[in-house]
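# Coordinates in review
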Amino acid sequence: MLAVASSVFQYIWEAELSTEFSGTLHRLSDGMGNLRVTKKGIRLEGISEFLLPLYVKEIHSRKDSPLVLQSDRNVTVNARNHMGQLTGQLTVGADAVEAQCKRFEVRASEDGRVLFSADEDEITIGAEKLKVTGTEGAVFGHSVETPHIRAEPSQDLRLESPTRSLIMEAPRGVQVSAAAGDFKATCRKELHLQSTEGEIFLNADTIRLGNLPTGSFSPSSPSSSHSRQTVYELCVCPNGKLYLSPAGVGSTCQSSSNICLWS
């Protein structure tokens, strides 16, 4: 009698389990909770959490809503090859956004042209204009190669080296042009204009050399000492220093050459 009762209980339990399992499979055909199984794949409604890795081919949001990936620490997207080796990684953290790959590119949405690219050899900026808005300007640790440097409209262009030298070199010459303003070159110690094979040509309506030292000499005519000196002669020392000497009937540079001893 006990064996029969046990058999009946086992039959009833198996029947109930079979009915519950069939009902569960029927519900899983549509989905469970926020998860829905459709012809195009799996659809999630609302906020979903995955405690273990999720492997999918494509993730996209609805047409009228953005796709949000949220984490309490950071969000990391990895790309691996067929051997499981990491080939690319993008990490969005609280302090920085880091990309680890062989080449990083930013392309325009309209025509797909490269706006920014970076690899181990070089960094390329393909935008029409590079604008640095910092108050200290742009700081380069080494040389800068460019065919053209210009300022914003109605703004001054300033190249400055506060503690070192400023050198501009080109195999076919350097051209500095200020079409609607002044060109100024200032330095604390010495300004060198050097041409190894050619000449230095100054072409202007007026060439003015300010703060040149002025020599003096005794005029041959005593009457001329009372007249105000308005004409001077430009003289050159053997070391290249320029100075002024009061003009006379002949050259007076030799009479005022004592200035060359001070240089």
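Everything quoted here is computed from the prediction, not taken from an experiment.

This next bit is on the pairing of strand β5 (residues 86-92). Strand direction decides the pairing type here: strand β4 (residues 75-80) and β5, joined by six bridges, are antiparallel. Note on β5: the bridge partner recorded for Arg 80 is Leu 86. Between β4 and β5, which pair antiparallel and follow one another directly, the connecting turn spans five residues, one of which, Gly 84, has a positive phi of 85°. Taking the residues that link successive antiparallel strands as the turn, the β5-strand β6 (residues 97-100) hairpin has four residues.

Pairing between sheet strands relies on hydrogen bonds along the backbone, with the strands arranged either parallel or antiparallel. Sheet architecture is open: three strands sit in the order β7-β8-β9, paired in antiparallel fashion. Strands with a single pairing partner mark the edges of an open sheet, and in this sheet they are β7 (104-107) and β9 (123-125). Each strand axis lies, on average, 10° off the axis of its neighbour in the sheet, ignoring direction. Pairing analysis gives four bridges linking β7 to strand β8 (residues 114-118), with the strands arranged antiparallel. Bridged to Glu 105 within β8 is Ser 117.

This paragraph deals with the confidence of the model for the protein. The pLDDT averaged across the protein works out to 78; a share of 83% of its residues lies at or above 70. Per-element confidence in the protein is highest for β5, whose mean pLDDT is 93, and lowest for helix α1 (residues 2-30), whose mean pLDDT is 44. Across residues 1-29, where pLDDT falls below 50, the model places two contacts with residues more than four positions away in sequence or in other chains.

Let us look at the side chain of Ser 245. Assignment of secondary structure puts Ser 245 in strand β11 (residues 242-246). Non-local contacts of Ser 245, meaning those with residues more than four positions away in its chain, are made with Tyr 232, Glu 233, Cys 235, Thr 252, Cys 253 and Ser 256.

In total, this model carries two disulfides according to the counting rule given. Paired by a disulfide, Cys 235 and Cys 253 hold their sulfur atoms 1.9 Å apart. With the S-S dihedral at roughly -80°, the linkage between Cys 235 and Cys 253 falls on the left-handed side. Of this pair, Cys 235 sits in strand β10 (residues 232-236) while Cys 253 is found in the segment after β11, placing the two residues 18 residues apart along the sequence. For Cys 235, a relative accessible area of 1% puts it in the buried group. The disulfide bridge from Cys 237 ends at Cys 260, spanning 2.0 Å between sulfur atoms. Between Cys 237 and Cys 260, the S-S dihedral sits near -90°, and the bridge is therefore left-handed.

Rules used throughout
- Residue indices begin from 1 for each chain and proceed along its sequence in written order.
- Per-residue local features of the predicted model are confined to residues with pLDDT of at least 70, and side-chain atom pairs are confined, for both listing and counting, to 80 or more; whole-chain, interface and lining totals are unaffected and use all residues.
- Heavy atoms throughout the structure, all of them, feed into the side-chain values; hydrogens and water do not.
- We treat two strands as partners when DSSP finds at least two bridges between them.
- A run of DSSP states H or I qualifies as a helix once it reaches four residues; a run of E qualifies as a strand once it reaches two. Both are numbered from the N-terminal end.
- Only the stretch in contact is used when a helix axis is fitted, and all axes are lines through C-alpha atoms; the angle between N-to-C directions ranges over 0 to 180 degrees.
- Every residue gets a pLDDT, meaning the predictor's confidence in that residue, from 0 to 100.
- Whether two residues are in contact is decided by their heavy atoms, any of which lying within 4.5 Å being enough.
- We call a pair of cysteine sulfur atoms a disulfide whenever their separation is within 2.5 Å.
- Relative accessibility under 20% of the residue-type maximum defines a buried residue, over 50% an exposed one, and the middle range a partly exposed one, all with a 1.4 Å probe and only protein chains included.

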